Amino acid sequence: MRAPRLARHLALCGALTLSGAFGLAGCGAGFDPLSLPVRDTRVDASELRFDVLWRTKVGGFSESSFRPSEPGGVAVSDDGTALLVSTHVGRLYALNIGNGSVRWTQDTGGWIAGPAAVSGDLAVVSGADGVLRAFSVHDGEPRWTLETGMVLYGRPIISGGRVYVTGSAESLIVADLNHGREVWRFNHRRVADLEIRGGGTPLITDDAVYVGFADGSLFKLALDGSLVWASDITGGERRLRDADEQPLVVDDTVYAVSHSGGLSAVDDRNGRVRWTLSETGLHRPVLLESGILMTTASDGRVIWLSRETGERIAQLTLNARGLSRPFGWAGYVLTHNSANGLHVLDENRPFIHANFDPGGGIDGPVAFEDNRVYALTNRGQVYALALWRR
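The rules behind the values
Residues numbered from 1 in each chain as written. Predicted model: local features only at pLDDT ≥ 70, side-chain atom pairs only at ≥ 80, totals over all residues. Heavy atoms only, no water. pLDDT = per-residue confidence, 0-100. Contact = heavy atoms within 4.5 Å. Core = buried A, V, L, I, M, F, W, Y, C linked by side-chain atoms within 4.5 Å. Buried < 20%, exposed > 50% of the residue type's maximum accessible area, 1.4 Å probe, protein only. Helix = DSSP H or I, 4+ residues; strand = E, 2+ residues; numbered from the N terminus. Pairing = 2+ DSSP bridges. Phe/Tyr/Trp six-rings, centres within 6.5 Å; stacked < 30°, edge-to-face > 60°. Lys NZ or Arg CZ within 6 Å of the ring centre and 35° of its normal. Axes fitted to C-alpha atoms, helices over the stretch in contact; angles between N-to-C directions.

(A) Broad picture of the confidence of the model for the protein chain. Chain-level pLDDT for the protein chain is 83 on average; 82% of the residues reach the 70-or-more range. Confidence over residues 192-197 falls short of pLDDT 50; this stretch has 18 contacts with residues more than four positions distant or in other chains.

(B) Spatial organisation of the nonpolar core. If you look at the biggest cluster of nonpolar residues, it comprises 16 residues, and the most contacted ones within it are Phe50, Leu334, Leu342, Val344, Val373 and Leu387. Elements with a contribution of two residues or more to this core: β6 (48-57), β32 (332-337), β33 (341-345), β34 (352-357), β36 (372-376) and β37 (381-389). Looking at this core, the element that brings in the most residues is β37, giving three residues. When near neighbours in sequence (up to four residues on either side) are disregarded, Val373 contacts Phe50, Trp329, Leu334, Leu342, Val366, Ala367, Phe368, Tyr383, Ala384 and Leu385. Among the nonpolar cores identified, the runner-up in size contains 15 residues, and Leu288, Ile292, Ile313 and Val333 belong to it.

(C) Structural context of the pairing of strand β12 (residues 122-126). The element β12 is largely enclosed, with a buried count of five among its five residues. Bridge analysis of strand β11 (residues 117-119) against β12 gives three bridges, and the strand direction is antiparallel. Across the sheet, residue Ser119 finds its bridge partner in β12, namely Leu122. Two successive antiparallel strands, β11 and β12, enclose a turn made up of two residues, where Gly120 displays a positive phi of approximately 60°. Between β12 and strand β13 (residues 131-136), which follow one another and run antiparallel, lie four residues, and Gly130 among them has a positive phi close to 85°.

(D) Structural context of the packing of aromatic side chains. Tallied over the full model, the rule gives 12 aromatic pairs. Here the aromatic rings of Phe50 and Phe356 are separated by 6.2 Å at their centres, their planes lie at 70°, and the arrangement is edge-to-face. Taken together, the positions of Phe50 in strand β6 and Phe356 in strand β34 put the pair 306 residues apart, joining distant regions of the chain. You'll find Phe50 and Phe356 in the same group, each marked buried. Seen in terms of ring centroids, Phe356 and Tyr383 are 5.2 Å apart; in terms of plane orientation they differ by 70°. Their pairing is edge-to-face. Residue Phe356 is found in strand β34, and its partner Tyr383 is found in strand β37; the two are separated by 27 residues along the sequence. The same class applies to Phe356 and to Tyr383, which are both buried. Taken together, Phe50, Phe327, Trp329, Phe356, Phe368 and Tyr383 form an aromatic cluster joined through their ring pairs. Over the ring of Phe351 we find Arg349, and its NZ or CZ is 4.9 Å from the ring centre.

(E) Representation of the sheet that holds β6. Sheet architecture is open: four strands sit in the order β6-β37-β36-β35, paired in antiparallel fashion. Both outer strands of the open sheet, β6 and β35 (367-369), are each paired with one neighbouring strand and no more. The sheet shows a mean angle of 20° between the axes of neighbouring strands, taken without regard to direction. For β6 and β37, the ladder comprises nine bridges, and the chain directions are antiparallel. Bridge pairing in β37 links Thr56 to Val382.

(F) Expanded view of the sheet that holds β11. With respect to topology, four strands assemble into an open sheet ordered β11-β12-β13-β14, the strand pairing being antiparallel. Both outer strands of the open sheet, β11 and β14 (142-147), are each paired with one neighbouring strand and no more. Ignoring strand direction, the axes of neighbouring strands in this sheet form an average angle of 15°. Inspection of the sheet shows β12 paired to β13 by five bridges, in the antiparallel sense. Within the sheet, the bridge partner assigned to Val125 lies in β13 and is Arg133.

Structure below.
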């Protein structure tokens, strides 16, 4: 087995472009994106490193598999003692978070769409067989099932005692968390000419539900399922415009992405599109402490942009195709990809602080707790990692 490589920014750097003005080769140059014009200054080597705390094999692909992909993922229990691991073969694991030992396993009978949603002693997973399932976090015993009548592509979201999940019939299903009874369902008329197989991830706030569908439509719903507004974030184009990623709401603006339509800022009051960054393969952005947005693209680009205008401030290009959405973590930004593993980025300058390559890459969502990150690799290895200063 190939040993994990602990490397810093040197291995991943491709090209660096600053606000379209000029380019700087490599990752040694940095800048403060809020104080343009940009100066060509040197950045000291980072003192960050990843340490492997433990790793556990949970099955799936063999070491010799060609380009395996594990779209499952991991989730931390509410009490912080267990790691729930979902795999593409339909098996759910609970690992002891301290050492990675297996507490229990459950076969769900079908492909699991992403990591479990966890609340108290319940872990809820959605399956390609159309069944929403809840298990006890403590011992893995089944608690309830809900037959939805459609393939469930999206990961479930728990909020306010309810479970929200999207399905292949362009529907949002809402169920009671404790008993698994369907509360209401929102059905969207399919109008996509061509779509990518996948499901949207809803966002639930104190008073609304935001969800996107395969034709690039974004909906704001009341908590009872009634329509507040609908918005087209595709510019009228209906091919490969899937709005599958979870929206982001900041003040009176909703930020949403569609696969080929780019990132759009939508007025939360009426659903009108304020601006669009027309780039292919963008992911849900993260709001940085500086007040600007950072997004990533599946071709390896990291983009800083103004949340008011959508103007590009800076761009970093990594040799990391299949890059995931960015996550704010421990004062940095974390992303991962299907070839090179985990990357820790600086918030305010195009600079990579640390990289962890487990071999085989990481496609499924990761989980965080304090300075630790947990990840399921495409070869079925679960890693617990800590980020430290040297």
